[in-house]
Amino acid sequence: MTDQPARPQYPHAESVEDFALNIADVRARIAAAAERAGRSADEVRLLQVSKTVPEERLLLAIQAGATDLGENKVQEAKRKAENLADQDVRWSVIGHLQTNKAKDVVAFADEFQALDSIRLADALDHRLQAAGRGLDVFVQVNTSAEESKFGLEPADTLAFLEELRHRDSLRVQGLMTLALFTSDTERVRECFRILRDLRDQARERDLIGPGGLSMGMSGDFEAAIEEGATVVRVGQAIFGARSTPDSEYWPGFAG
Ligand SMILES: *Cc1c(COP(=O)(O)O)cnc(C)c1O
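Residues numbered from 1 in each chain as written. Predicted model: local features only at pLDDT ≥ 70, side-chain atom pairs only at ≥ 80, totals over all residues. Heavy atoms only, no water.

**Q** Just checking my understanding: could you explain the overall build of the protein chain for this structure?
**A** Scanning the protein chain from N- to C-terminus turns up 9 helices and 8 strands. Taken over the C-alpha trace, the protein chain has a radius of gyration of 18 Å; the compact-globule value for 255 residues is 18 Å, and the two agree within 12%. Projected onto its principal axes, the C-alpha positions of the protein chain cover 60 × 40 × 35 Å. Taking all 255 residues of the protein chain together, the buried fraction comes to 52%. Considering only contacts in the protein chain between residues 6 or more positions apart, those separated by 24 or more positions represent 62%. As presented, the protein chain carries roughly 12000 Å² of accessible surface, and 46% of it is formed by carbon and sulfur atoms. Averaging the coordinates of the 31 positive side-chain charges in the protein chain and doing the same for the 43 negative ones gives two points 2 Å apart. (Helix = DSSP H or I, 4+ residues; strand = E, 2+ residues; numbered from the N terminus. Rg over C-alpha atoms; globule rule 2.2 N^0.38 Å. Buried < 20%, exposed > 50% of the residue type's maximum accessible area, 1.4 Å probe, protein only. Contact = heavy atoms within 4.5 Å. Areas by Shrake-Rupley, 256 points an atom, 1.4 Å probe, with all protein chains shown as cover. Lys, Arg positive; Asp, Glu negative; His and termini not counted. Charge placed at Lys NZ, Arg CZ, Asp CG, Glu CD.)

Laid out in structure tokens, this is it:
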């Protein structure tokens, strides 16, 4: 033990240099986790989750190379996409969406990661057809069996993918999940394995295109990569600790 104060777990980034450091640190951890799993770091996409971060700071992150941005709430995402329209950013909406907000996603998003109902799929498809465009989507699965979490039940996922096949504007890229919030890493990994097994089953039935796995956040992305993640969604480790409680994003979450 030393007398030095510990580096904060999620250091706050306020300059281009800070962002460059945090991003480099996360990328190094991604590479190390990939190597441990016998995978290539190139197989893992780093989606930078910028929720609650205002546009001024986002510009610094973008200058440091953060151009693949994820936002949980569609109104906030749409505002940022409009204000930063001159920037070369790919916008991903990663949070629960009400059917009546489908048109907002279609207006600006490149990707939607929380598809979890046929009603929503139809609303998106309808708006996308009208706009003459497609959308990359991930199907969200509730792998932690918590009542409060959004997403399909694992047992319903294959039938859902089957049904999605007829919505041509929705390009299914894979499955997405939020693991259990616990320090018990074995239980966290169990969630990731459930998602991977479902993906494998979907592949056997030819239901899932590239079959990506969006799983892992600041607290658990290394375990997710070891379990096969192809997209990690990292916010706090890049932007700094958030003051907004996570219950704001995931109803029922007590942390
Ligand atoms: C906020 C959020 C993340 C990132 O969480 P961090 O702890 O900031 O890394 C990942 N996925 C979803 C769906 C989120 O809302």
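**Q** Looking at this structure, how should I read the packing of aromatic side chains?
**A** Ring pairs (aromatic) are described by centroid distance and by the angle formed between their planes. According to the stated counting rule, one finds 1 aromatic pair in the structure shown. When the centroid spacing of 5.5 Å and the interplanar angle of 70 degrees are considered together, the rings of Phe 19 and Phe 239 count as edge-to-face. With a gap of 220 residues between them, Phe 19 in helix α1 (residues 16–36) and Phe 239 in helix α9 (residues 236–239) connect regions that are remote in the sequence. You can call Phe 19 buried: its relative accessible area is 0%. (Phe/Tyr/Trp six-rings, centres within 6.5 Å; stacked < 30°, edge-to-face > 60°.)

**Q** Looking at this model, I keep getting lost on the site of the ligand. Mind explaining?
**A** Of all residues adjacent to the ligand, which total 13 residues, the nearest are Lys 51, Asn 72, Ser 218, Gln 236 and Arg 242. Note that an oxygen atom of the ligand is positioned 2.9 Å from one of the backbone N or O atoms of Gly 235. Between Gln 236 and the ligand, the recorded distance is 2.8 Å, taken from a backbone N or O atom to an oxygen atom. Contact with the protein chains hides 98% of the accessible area of the ligand, taken as 380 Å² for the molecule alone. Residues that form the shell around the ligand fall into these classes: 6 nonpolar, 4 polar and 3 charged. (Near = heavy atom within 4 Å. Polar contact = N/O pair within 3.5 Å; in protein donor to acceptor, adjacent residues only side chain to side chain. Nonpolar A, V, L, I, M, F, W, Y, C, P; charged D, E, K, R; others polar.)

**Q** What is the right way to look at the pairing of strand β4 (residues 111–115) in this model?
**A** Both faces of the sheet carry side chains from a regular strand, because those side chains alternate between them. Among the 5 residues of β4, 5 are classified as buried, and the element is accordingly described as predominantly covered. Note: β4 against strand β5 (residues 135–140), 3 bridges, orientation parallel. Bridge pairing links Glu 111 to Asp 136 in β5. Note on the crossover from β4 through helix α5 (residues 118–131) to β5: the handedness is right-handed. (Pairing = 2+ DSSP bridges. Right-handed = clockwise from strand over helix to strand, strands pointing away.)

**Q** Teacher, can you tell me more about the environment of Glu 35 here?
**A** Of note, Glu 35 is situated in helix α1. A relative accessible area of 65% means that Glu 35 is categorised as exposed. C-alpha of Glu 35 to C-alpha of Ala 13: the two residues are 22 residues apart in sequence and 27 Å apart in space.

**Q** Can you help me understand the side chain of Lys 80 in this one?
**A** Relative to the assigned elements, Lys 80 resides in helix α3 (residues 74–83). Take Lys 80: its relative accessible area is 0%, and that puts it in the buried class. Separated by 3.0 Å, the side chain of Lys 80 and the backbone oxygen of Ser 50 make a polar contact. Those residues in contact with Lys 80 that sit more than four places away from it in its chain are Ser 50, Lys 51, Thr 52, Val 53, Glu 55, Leu 58, Glu 71 and Trp 91.

**Q** Is there a simple way to explain the nonpolar core in this structure?
**A** Grouped burial of nonpolar side chains is what soluble globular proteins tend to show. Membership of the largest hydrophobic core comes to 72 residues, with the highest contact counts inside it found for Phe 112, Leu 115, Leu 124, Leu 161 and Leu 164. Excluding anything up to four places from it in sequence, Leu 161 contacts Val 139, Val 172, Leu 175, Ala 202, Leu 207 and Ile 208. In terms of nonpolar packing, the next biggest core, distinct from the first, is built from 6 residues, Leu 47, Ile 94, Met 176 and Val 231 among them. (Core = buried A, V, L, I, M, F, W, Y, C linked by side-chain atoms within 4.5 Å.)

**Q** Would you mind going over the pattern of salt bridges with me for this structure?
**A** If charged atoms from side chains of opposite charge come close, those side chains can pair. The final tally for this structure, using the stated rule, is 22 salt bridges. Of the charged contacts, one joins Glu 71 and Lys 80 as a salt bridge, the two residues approaching to 2.8 Å between their closest N and O atoms. Here Glu 71 matches Lys 80 in class, with each residue buried. Where Asp 104 meets Lys 78, a salt bridge forms, and the shortest distance between an N and an O atom there is 3.9 Å. In this pair, Asp 104 is assigned in helix α4 (residues 102–108) and Lys 78 in helix α3, connecting sequence segments 26 residues apart. (Salt bridge = Lys/Arg side-chain N within 4 Å of Asp/Glu carboxyl O.)

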